[in-house]
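Structural overview
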Amino acid sequence: MHQTVSSLLPRIPISGPWITQKEMERVREAAQNAWYENSNYYQTQFEKAFASYVGRKYAISLPSCTSALHLALLGLGIGAGDEVIVPDITWIASSAPIHYTGARPVFADIDAASWCLSPQSFEQNISRKTKAVIAVDLYGNMPEMKQILSIARKRGIAVIEDAAEAIGSEYRGKKAGGFGIASAFSFHGSKTLTTGEGGMLVTDSKRMHHRAMMLRDHGRMPGDILFRNKEVAYKYKMSALQAALGWAQLERIDELVERKREIFSWYREYLENAKGITLNTQSGYVKNTYWMVTLMLDKKPKLKKERLIRLLRKRGVDCRPFFYPLSSLPAYAKSPQARKARLSNKTAYQLSGYGINLPSALRLTRQDVAFVCSQVQELIA
Ligand SMILES: *Cc1c(COP(=O)(O)O)cnc(C)c1O
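Residues numbered from 1 in each chain as written. Predicted model: local features only at pLDDT ≥ 70, side-chain atom pairs only at ≥ 80, totals over all residues. Heavy atoms only, no water.

**Details of the site of the ligand**
Taken together, 14 residues lie around the ligand, and T66, D162, E165, S186 and K191 are the ones closest in. One of the backbone nitrogen or oxygen atoms of C65 is found 2.9 Å away from an oxygen atom of the ligand. At 2.4 Å from an oxygen atom of the ligand is found a side-chain nitrogen or oxygen belonging to E165. Considered on its own, the ligand offers 390 Å² of accessible surface; in the complex 92% of this is hidden by protein. For the shell around the ligand, the residue count by class is five nonpolar, six polar and three charged. (Near = heavy atom within 4 Å. Polar contact = N/O pair within 3.5 Å; in protein donor to acceptor, adjacent residues only side chain to side chain. Areas by Shrake-Rupley, 256 points an atom, 1.4 Å probe, with all protein chains shown as cover. Nonpolar A, V, L, I, M, F, W, Y, C, P; charged D, E, K, R; others polar.)

**A short note on helix α9 (residues 253-271)**
Under the 1.5 Å per step criterion, the end-to-end length of α9 is 27 Å for 19 residues, consistent within 8% with the ideal 27 Å. For α9, the full list of buried residues reads I253, L256, V257, K260, I263, F264, W266, Y267 and L271. (Helix = DSSP H or I, 4+ residues; strand = E, 2+ residues; numbered from the N terminus. Expected span 1.5 Å × (residues − 1). Buried < 20%, exposed > 50% of the residue type's maximum accessible area, 1.4 Å probe, protein only.)

**So, empty space enclosed by the protein**
In this approach the atoms are scanned with a rolling probe the size of a water molecule, which exposes any empty space left behind. Across all of its chains, the model carries one cavity of 30 Å³ or more by this definition. Size it by volume and the largest cavity reaches roughly 30 Å³. Lining the largest cavity, in full, are A163, A164, I167, F185, S186, F187, K191, T192 and L193. Taken together, the residues of the lining of the largest cavity break down into six nonpolar, two polar and one charged. (1 Å grid on protein atoms, 1.4 Å probe; cavity = no way out; pocket = protein on both sides within 12 Å on 5 of 7 lines; lining within 4 Å. Points joined across faces, edges and corners; volume = space filled by probe spheres on them.)

**A look at the domain arrangement of the chain**
Domain annotation for the chain reports domain 1 (21-250) and domain 2 (253-380). For domain 1 and domain 2, the distance between their C-alpha centroids amounts to 24 Å. At the interface, 44 residues of domain 1 touch 44 residues of domain 2. Between domain 1 and domain 2 lies a buried interface of about 3500 Å² when both sides are counted; carbon and sulfur atoms form 59% of it. (Domains from an automatic or database assignment. Contact = heavy atoms within 4.5 Å. Buried area = accessible area lost by both parts, 1.4 Å probe.)

Here it is as structure tokens:
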């Protein structure tokens, strides 16, 4: 074993994958075989299996979810002068690709129960410049897709689903990744299914598929053997080694998703009687896969998330803050859209100060969760 840095880190990790012999064998096989005429074999297998799992016609393997969102926006022809609506509470990777195209993000408020995009706020933020909305499946939960899709249809706005945190989740019986013109997934090391770094764009649109295939490889289609680029584009390709890892992980997806739900059920059990806190919710028609178990303090101004995180880390428990509103980040200090959001997104600003993500790594044991919960209960008592 190589020397580890584990002594420097809290004992109980916030996130991390579950890798078995199966994945290691598949990657070894790819390292040996994925060259010459087989150089695209693992990507193609992973894409086919992934499209079938989420119920889409096409899947395109990419280096990240960020690149998947970028290609989805480009596929819609979005650019300078356009606006794209995003929920104010999400990872900045949901909004950064909007800038890459020259368009601007507009930050909508979240729903108080699901913590996902509020359909009402989405509708209120629509302007004549709005071309798309990126609906985010936050922490494995799902927004009110039915309402979002219906508003978008009425107003002629495209829906892109950011399903980075929600592989395996369902809304009214339909899997995350099946909503809107295209959906994007992340296989970052912290996500439920991982390839280390990686992403996938899925769609039923032949046009979107064709556009993304072209744009991800410097403006050429697979099978172009003359290297005559049709346009200047991007280099967004997943490696065979990553695809091999993802393909093998996907064959274990039910087990991975069930483990996520089991970890959450342990938290719920141990924190059932704790006063003054709320955990992730799941409405009647959603299957939440609880990417990050999240604890929301029922607004005790004295104990804010930053302090709770510091105290838990001292006790060997790694935590993260509930996302800060994008509109509150230094990166958006000068954005006029963010200035407006800071005044209007009441729910995002009320909740953000009091939420933390608890350890949600796939290799946690029931004992780990019991320890975390005892520490949490001591601190909030
Ligand atoms: C992780 C994540 C992303 C970005 O994924 P990358 O693969 O790191 O680009 C995008 N959106 C959300 C909501 C995420 O959690």
